[in-house]
Each structure stands twice: as C-alpha cells, then as structure tokens.
Amino acid sequence: MRKEELRQQIKQLKRQFTPAQLEELSLPILARLRPLLAEAKTIMAYYSLPDEVCTHQLIDELVAEGKTVLLPKVLDDETMELRRYTGRHDLREGAFHIMEPIGALFTAFSTIDVALIPGVAFDAFGHRLGRGRGYYDRFLRALGGTMGTVPSVPHKLIGLCFDFQKVPEVPVDANDIPVDMVI
C-alpha cells in the first residue's frame, strides 16, 4: 500500500470517532506512557490535534512536576524548531491551525531525554507515517544522536497512536526516521 492510500484509510477510521471518544481512547495510552517518563527531565512533546492522542493534560501535568516540556513550532515549509512550554498561555495558533508555543527557543538538544512523536500510522518496527510534509523526519534527522543518555530512559523516540493506527507495515523510504517504541 502506498503512503497516501494508508493516510486515507486511517483518516476514514478516525472519522468513526468523535473528538470526545478519541480523548477517552487516549487515557489508557497515556497511562502506559507515564511510567516511561518518570525519570525523564526534558521531554519533547506535541500539542495534539483533535484527531491525535490527546496530550494537553499530560504536558500540563509534566510541567507541574517540574519537567522541561518542549513543543515544535513550524517556521516555514520545511523547518520546525523547539520552544519551551510552561503553560497554555505559551500557545498561539500557528501554521495549519495548530496551536504552537511562543516560549523560549530551545537548542540544547543533548538534554532531551524523550521525544513523543505523533503519526498517522505506525508498524511494529517503529516505522512511522506522518501527515506527508516531512517536518518530524527532517527534525529528527537533524537531532541525530544529540539527545541525552539517561540509562533509566531506554526509549528515546516514542510514537503515540490509537490501536487502529497500528498497521502491519508502513511504507518507508530513505528519509523516514523510525521511533524506538510505539504506544
């Protein structure tokens, strides 16, 4: 199956659920994620769209626990950067009507312990299908091996998705960056 066909298939599956149902389906995913973040001090996350695993409450809880939370901000057609998130007052509507951070620019990538990565679909090998613009793949490639090395945090890149987004095989090409774990 081609990438665009898979995107359309998942889009149809998502339409079967209301935003409230997807938020409810997010709860067990976040419950499985929480223990993996216990030792992490700096976490790259994302401020979820209505059709993604809902991260809004999670990131607010992480900030309340004293963790550094970073969110991506789209700069142009190819680039995104990380900004510090300290609360909802740090958000403004940005590119593609996505709520983006306006907090301080963050470039100390070696201090990132865990990165939470959204996706349209994932397979058991960690291959990820994004929305098709390549922002995360380019950013993760640039990030390379610069993330922190906390021994108690073995999974650096964690893909978050609903069970119906887990597929037998995601088509991949040379630019695609896999995640370490999918929840």
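On a predicted model such as this, the values are computed, not experimentally measured, just so you know. (Residues numbered from 1 in each chain as written. Predicted model: local features only at pLDDT ≥ 70, side-chain atom pairs only at ≥ 80, totals over all residues. Heavy atoms only, no water.)

Asker: Summarise the overall build of the protein chain; cite the residues concerned and give the values.
Answerer: Summing up its helical and strand segments, the protein chain has four helices and 11 strands in all. Taken over C-alpha atoms, the radius of gyration comes to 15 Å for the protein chain, in line with the 16 Å a tight globule of 183 residues would show. When its C-alpha atoms are laid out on the principal axes, the protein chain stretches across 40 × 35 × 35 Å. Burial statistics for the protein chain: of 183 residues in total, 46% are counted as buried. Considering only residue pairs separated by 6 or more positions, the protein chain has 69% of its internal contacts joining residues 24 or more positions apart. Looking at the protein chain as shown, the accessible area adds up to about 9,300 Å², and 56% of this sits on carbon and sulfur atoms. Averaging the locations of the 22 positively and 25 negatively charged side chains of the protein chain gives two centres separated by 1 Å. (Helix = DSSP H or I, 4+ residues; strand = E, 2+ residues; numbered from the N terminus. Rg over C-alpha atoms; globule rule 2.2 N^0.38 Å. Buried < 20%, exposed > 50% of the residue type's maximum accessible area, 1.4 Å probe, protein only. Contact = heavy atoms within 4.5 Å. Areas by Shrake-Rupley, 256 points an atom, 1.4 Å probe, with all protein chains shown as cover. Lys, Arg positive; Asp, Glu negative; His and termini not counted. Charge placed at Lys NZ, Arg CZ, Asp CG, Glu CD.)

Asker: Could you give me a rundown of the side chain of aspartate 90, with the residues and numbers involved?
Answerer: Turning to its location among the elements, aspartate 90 is positioned in the loop between β3 (80-85) and β4 (91-93). Summary of buried charges: aspartate 90 has no salt-bridge partner, and the nearest side chain of opposite charge, arginine 92, is 6.8 Å away. Once you skip the residues sitting within four places of it in the chain, aspartate 90 turns out to touch Arg84, Tyr85, Glu100, Pro101, Ile102 and Gly103. (Salt bridge = Lys/Arg side-chain N within 4 Å of Asp/Glu carboxyl O.)

Asker: So what's going on with the nonpolar core? Residues and values would help.
Answerer: Taken as a class, soluble globular proteins show a tendency for nonpolar side chains to be buried jointly. If you look at the biggest cluster of nonpolar residues, it comprises 44 residues, and the most contacted ones within it are Leu33, Leu37, Met44, Leu71, Leu116 and Leu160. Secondary structure elements with two or more residues in this core: α2 (19-37), β1 (42-44), α3 (56-64), β2 (68-74), β3, β7 (114-118), α4 (135-143) and β10 (157-160). Sequence-distant contacts of leucine 37, defined by excluding residues within four places in its chain, comprise Ile43, Leu58, Leu62, Lys67, Val114 and Leu116. Grouped together as the second largest cluster of nonpolar side chains are seven residues, Leu6, Ile10, Leu129 and Val170 included. (Core = buried A, V, L, I, M, F, W, Y, C linked by side-chain atoms within 4.5 Å.)

Asker: Please provide a residue-by-residue account of the pattern of salt bridges, values included.
Answerer: Two side chains carrying opposite charge are able to pair once their charged atoms lie near each other. Scanning all chains against the criterion turns up 14 salt bridges. Among the salt bridges present, the one from arginine 83 reaches glutamate 81, with a minimum N-O distance of 2.8 Å.

Asker: Account for the sheet that holds β7, with residues named and values stated.
Answerer: The strand order across the open sheet formed by seven strands is β6-β3-β2-β1-β7-β10-β11, and the pairing between neighbours is mixed. Strands at the two margins of the open sheet, each flanked by one partner only, are β6 (105-106) and β11 (181-182). Bridge count between β1 and β2: three bridges; the pairing is parallel. In the strand pairing of β2, isoleucine 43 is matched with valine 69. With respect to the sheet, α3 is in contact with β1, β2, β3 and β7, its orientation differing from that of β2 by roughly 135 degrees. (Pairing = 2+ DSSP bridges. Axes fitted to C-alpha atoms, helices over the stretch in contact; angles between N-to-C directions.)

Asker: Could you give an account of the packing of aromatic side chains, naming the residues involved and the relevant values?
Answerer: Applying the stated criterion to the full structure yields three aromatic pairs. For the ring pair phenylalanine 17 and phenylalanine 164, a centre distance of 5.1 Å and an interplane angle of 10 degrees mean the geometry is stacked. Pair noted here: phenylalanine 17 is in the loop between α1 (3-14) and α2 and phenylalanine 164 is in the loop between β10 and β11, with a separation of 147 residues, a long-range link. Given the relative accessible area of 28%, phenylalanine 17 is considered partly exposed. An angle of 10 degrees between the planes, with centres 5.5 Å apart, marks the rings of phenylalanine 162 and phenylalanine 164 as stacked. Among the aromatic residues, those joined into a cluster by ring pairs are Phe17, Phe162 and Phe164. In this structure, arginine 138 is placed above the aromatic ring of tyrosine 135, and the distance from its NZ or CZ to the ring centre is 5.5 Å. (Phe/Tyr/Trp six-rings, centres within 6.5 Å; stacked < 30°, edge-to-face > 60°. Lys NZ or Arg CZ within 6 Å of the ring centre and 35° of its normal.)

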